[in-house]
Amino acid sequence: MASRRAPAARLVLVPVVSLLVLVVGLQALQGAVSRPADPALLLVPELAPEAGEVVRCQREHPDTEPAERLAERFDAAGRVTTAMVVACPRAFDGHRVVFVGEIVGDLLRRRGGAWTQVNDDAYALEVGPLPAHGEHRGVNSGLQVWIPEEHLDGLRPGRPGRRGHVVELTGVVHRADPQDAGGLTLRADEVVIVAEPVDVESPLDHAQLALAVGACLLAGGIWLRRRAEGHAVPHGSTGEQRQP
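The structure displayed is predicted, hence computed values, not measured ones.

A. Focus on the overall build of the protein. Looking only at helices and strands, one finds 6 helices and 8 strands in the protein. Moving toward the C terminus, one meets the helices and strands of the protein in the order α-α-β-α-α-β-β-α-β-β-β-β-β-α. In the protein, which comprises 244 residues, the proportion classed as buried is 34%. Contacts in the protein between residues far apart in sequence, at least 24 positions, make up 67% of those at least 6 positions apart.

Structure, rendered in structure tokens:
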């Protein structure tokens, strides 16, 4: 009985070990491959002015400031980021701000304009979409933005294979916008194009291709061996012979 269980245990162990090797190999390849960002995706620093410091909402106590007082220190001519607005939406609610980011996703057109997502993370303003370079730079972050109809002509949102229009938006922050089911939004009334769209090509990674081909060959070999062993033992047979 033990001799029959050993081949079955090996057939279960081999795929598990192979999967672990594949995962470790992919992680190693991803960490080893370094692709410089496409120069066409890099923005001139002056085109994306520095933002102010992040302020966080605090409960009103004798030794702290409410969000309304924090907002008084904000320079209305300065630029905000998603991190600043999300950290303390009360501080910016109803305030006119400047926001720079890449239009991504879709333009959801409604009467008088369109809703869209505008991201200001590193993939939007620094190194471009992830497929172009493979360098992880945090998570995606952005704001839901309303753009009036007169500013929509020619705007192209970003995709995995394209960085979309990078725009400088001026508008009013709404902490709970009734037109967006109570969401945090920026209603822009001025739109300035900072950078035109750039198509992005994902280069072929030959090392990953070789690893994938090797994994497929290994999986095929395991399957053929299991099939051969299945044909070698008739269905329902216990491997024991009856005595006459």
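Read on, since the account is not over.
B. The arrangement of the pairing of strand β6 (residues 166–177) in detail. In this sheet, β6 lies alongside strand β2 (residues 96–110) in antiparallel orientation, the contact comprising 7 bridges. When the sheet's bridge partners are listed, Arg 96 is paired in β6 with Val 172. In this sheet, strand β7 (residues 183–195) lies alongside β6 in antiparallel orientation, the contact comprising 10 bridges. Note on β7: the bridge partner recorded for Thr 170 is Glu 190. Where β6 folds back on β7, the antiparallel hairpin that results is connected by 5 residues, among which Ala 181 adopts a positive phi of roughly 55°.

C. Fine view of unusual backbone geometry. The residue Ala 181 is not glycine, and still its phi comes out positive at about 55°. Structurally, the position occupied by Ala 181 is in the loop between β6 and β7.

D. Highlighting the side chain of His 165. Tracing the sequence through the fold places His 165 in the loop between β5 (162–163) and β6. Not counting residues up to four positions away in its chain, the partners in contact with His 165 are Gly 101, Glu 102, Ile 103, Gly 154, Leu 155, Arg 156, Ile 193, Ala 195, Glu 196 and Pro 197.

E. Examining the packing of aromatic side chains more closely. Here the structure, examined in full by the defined rule, presents 1 aromatic pair. Measuring from centroid to centroid gives 5.3 Å for Trp 115 and Trp 146, while their planes differ by 65°, and the two rings are edge-to-face. Separated by 31 residues along the polypeptide, Trp 115 in strand β3 (residues 113–119) and Trp 146 in strand β4 (residues 142–148) bring together distant segments of the chain. Trp 146 matches Trp 115 in its accessibility class, with the two residues each being buried.

F. Structural view of the pattern of salt bridges. Tallied over the full model, the rule gives 5 salt bridges. In this structure, the salt-bridge partner of Glu 190 is Arg 96, at a minimum N-O distance of 3.1 Å. Here Glu 190, found in strand β7, pairs with Arg 96, found in strand β2; they are 94 residues apart in sequence, far enough to count as distant. Glu 190 sits in the partly exposed class, given a relative accessible area of 41%. By sharing partners, the salt bridges in this structure join Arg 96, Asp 189 and Glu 190 into a single network.

G. A look at the nonpolar core. The biggest cluster of nonpolar side chains holds 23 residues, and the ones touching the most others in it are Phe 92, Val 145 and Leu 169. Looking at this core, the elements with two or more residues in it are α3 (82–87), α4 (89–92), β2, β3, β4, β6 and β7. Here this core takes 4 residues from β2, the largest share from any one element. Apart from residues lying up to four places away in sequence, Val 145 is in contact with Ala 114, Trp 115, Thr 116, Val 118, Leu 169, Leu 186 and Ala 188.

H. Expanded view of the environment of Gly 171. With respect to the helices and strands, Gly 171 occurs in strand β6. Sequence spacing of Gly 171 and Asp 189 is 18 residues, and the spatial spacing of their C-alpha atoms is 5.4 Å. Among all residues touching Gly 171, those that are not within four sequence positions of it are His 95, Arg 96, Val 97, Leu 186, Arg 187, Ala 188 and Asp 189.

I. Fine view of the side chain of Asp 120. Within the element layout of this structure, Asp 120 appears in the loop between β3 and α5 (122–125). In this structure Asp 120 is buried but unpaired, with Arg 79 as the nearest side chain of opposite charge at 4.9 Å. In this structure the side chain of Asp 120 is engaged in a polar contact, spanning 2.7 Å, whose partner is the side chain of Thr 82. If sequence neighbours within four positions are ignored, Asp 120 has contacts with Thr 81, Thr 82, Phe 99, Val 100, Gly 101, Leu 125, Ser 141 and Gly 142.

J. Molecular detail of the environment of Glu 190. The spacing of Glu 190 and Gly 171 is 19 residues in sequence and 6.8 Å in space, taken between C-alpha atoms. Among all residues touching Glu 190, those that are not within four sequence positions of it are Arg 96, His 151, Glu 168, Leu 169 and Thr 170. Of the polar contacts made by the side chain of Glu 190, one reaches the side chain of Arg 96; its length is 3.1 Å.

K. Looking closely at the environment of Gln 117. Topologically, Gln 117 is positioned in strand β3. Given the relative accessible area of 26%, Gln 117 is considered partly exposed. As a C-alpha pair, Gln 117 and Thr 185 span 68 residues in sequence and 9.7 Å in three-dimensional space. Each residue touching Gln 117, except ones within four places of it in the same chain, is listed here: Glu 102, Ile 103, Val 104, Gly 142, Leu 143 and Gln 144.

Cut-offs used in this document
Numbering of residues starts from 1 in every chain and runs along the sequence as written. Where local features are concerned, this predicted model is filtered to residues with pLDDT of at least 70; where side-chain atom pairs are given and counted, the filter is 80 or more; whole-chain, interface and lining totals use all residues. Here the side-chain values reflect all heavy atoms present in the structure, with hydrogen atoms and water set aside. Put simply, DSSP H or I for four residues or longer makes a helix, DSSP E for two residues or longer makes a strand, and each gets a number counted from the N terminus. Only protein chains enter the accessibility calculation, which uses a 1.4 Å probe; a residue whose area is less than 20% of its type maximum is buried, one above 50% is exposed, and one in between is partly exposed. The contact rule is simple, with two residues in contact once any of their heavy atoms fall within 4.5 Å. Pairing between two strands is assigned when DSSP locates at least 2 bridges connecting them. Put simply, two rings from Phe, Tyr or Trp (the six-membered ring, in Trp's case) pair if the centres are within 6.5 Å, and we call them stacked under 30 degrees between planes, edge-to-face over 60, tilted for the rest. One side-chain nitrogen of Lys or Arg within 4 Å of one carboxyl oxygen of Asp or Glu is enough to make a salt bridge. We call a set of buried residues a nonpolar core when its members are Ala, Val, Leu, Ile, Met, Phe, Trp, Tyr or Cys and they connect through side-chain atoms within 4.5 Å of each other. Asp and Glu are treated as the negative residues and Lys and Arg as the positive ones, with His and the ends of the chain left uncounted. Here a polar contact is taken to be a pair of N or O atoms separated by no more than 3.5 Å, where protein atoms must pair a possible hydrogen donor with a possible acceptor and residues adjacent in sequence count only if both atoms sit in side chains.

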